[in-house]
Amino acid sequence: MAETILTNTGPGAGRLPGWRGIAADWASDQRAFKNVSWGKAMMWIFLLSDTFIFSCFLLSYMTARMSTTVPWPNPSEVFALNLGGKHIPLILIAIMTFVLISSSGTMAMAVNFGYRRDRVRTAILMLVTAAFGATFVSMQAFEWTKLIMEGVRPWSNPWGAAQFGSSFFMITGFHGTHVTIGVIFLIAIARKVWRGDFDVGRRGFFTSRRGYYEIVEITGLYWHFVDLVWVFIFAFFYLW
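Here the structure is a predicted model, which means the values were calculated and not measured.

**Details of the UniProt feature "transmembrane region" (unreviewed entry) in the chain**
- In the numbering used here, UniProt assigns the feature "transmembrane region" (unreviewed entry) to residues 41-62, 88-111, 123-142, 162-190 and 211-239.
- Measuring from the first to the last C-alpha atom of residues 88-111 gives 37 Å, for a span that is 88% helix and 4% strand.
- Between the C-alpha atoms that bound residues 162-190 there is a distance of 43 Å. The span itself is 97% helix and 0% strand.

Right under this line is the structure:
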């Protein structure tokens, strides 16, 4: 039997039968991720699991909103600002959305320049993306402060259904945490790019291989996911 396996050069050469063969293929990266690095594959798996979590949050929000017998607060009133004596609905949310969507553009350009080995532009664009993200988180902190001062709590709010507060703080807080982590990661990777760690292969996290800029793309995958999730939060929570 051993000689048969060693001399067999066909398509199934050396493969174990049944489930053991499938497990061996996946474990040795022979079939499932043949043309994808482990770093990128693991990021996609993480994003898939995160998608399930955000989906559960949004489904819970929709269930709570449709099942409550108490009137749900009007987002246009709750999230309005008084500017110049005028009551402008959703103005802060619109600016936040514009900032975060713009950051996807700068992140995409950073990935492009990263694969061109243009470390200066890559680092600058990643820092600009981080600045957009920090701006978003700052505006979200202002939004939280405003609502807390107006009496919104996880268990109650002055405008109607008590579930509004818990849904708001849970969903936007979880997303804001993702943005904050992304900002920290962007700054860390931008620093490595700026120092030229990827060009010389300096030992360290994500920089052990010379000329290996794929971590910039992996960071971009995470950032685009965070932006995409915000689009759904914006649509379901602020426009509905």
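There is more to say, and it comes next.
**What to know about the packing of aromatic side chains**
- In total, this model carries 22 aromatic pairs according to the counting rule given.
- When the ring of Phe46 is compared with that of Tyr222, the centres are 6.4 Å apart and the planes differ by 20 degrees; the resulting orientation is stacked. Taken together, the residues Phe46 in helix α3 (residues 38-67) and Tyr222 in helix α9 (residues 214-238) connect sequence positions 176 residues apart.
- Exposure remark for Phe46: the relative accessible area of 36% places this residue in the partly exposed category.
- Relative to Phe168, the ring of Phe79 lies with its centre 5.6 Å away and its plane at 40 degrees, an arrangement referred to as tilted.

**Digging into unusual backbone geometry**
- Unlike most non-glycine residues, Leu90 shows phi in positive territory, near 60 degrees.
- Here Leu90 lies in the loop between β2 (86-88) and α5 (91-115).
- Not every positive phi belongs to a glycine, and Arg117 is a case in point at roughly 65 degrees.
- Assignment of secondary structure puts Arg117 in the loop between α5 and α6 (119-149).

What counts and what doesn't
- Residues numbered from 1 in each chain as written.
- Predicted model: local features only at pLDDT ≥ 70, side-chain atom pairs only at ≥ 80, totals over all residues.
- Heavy atoms only, no water.
- UniProt positions renumbered as here; feature names shortened; annotations may be inferred.
- Helix = DSSP H or I, 4+ residues; strand = E, 2+ residues; numbered from the N terminus.
- Phe/Tyr/Trp six-rings, centres within 6.5 Å; stacked < 30°, edge-to-face > 60°.
- Buried < 20%, exposed > 50% of the residue type's maximum accessible area, 1.4 Å probe, protein only.

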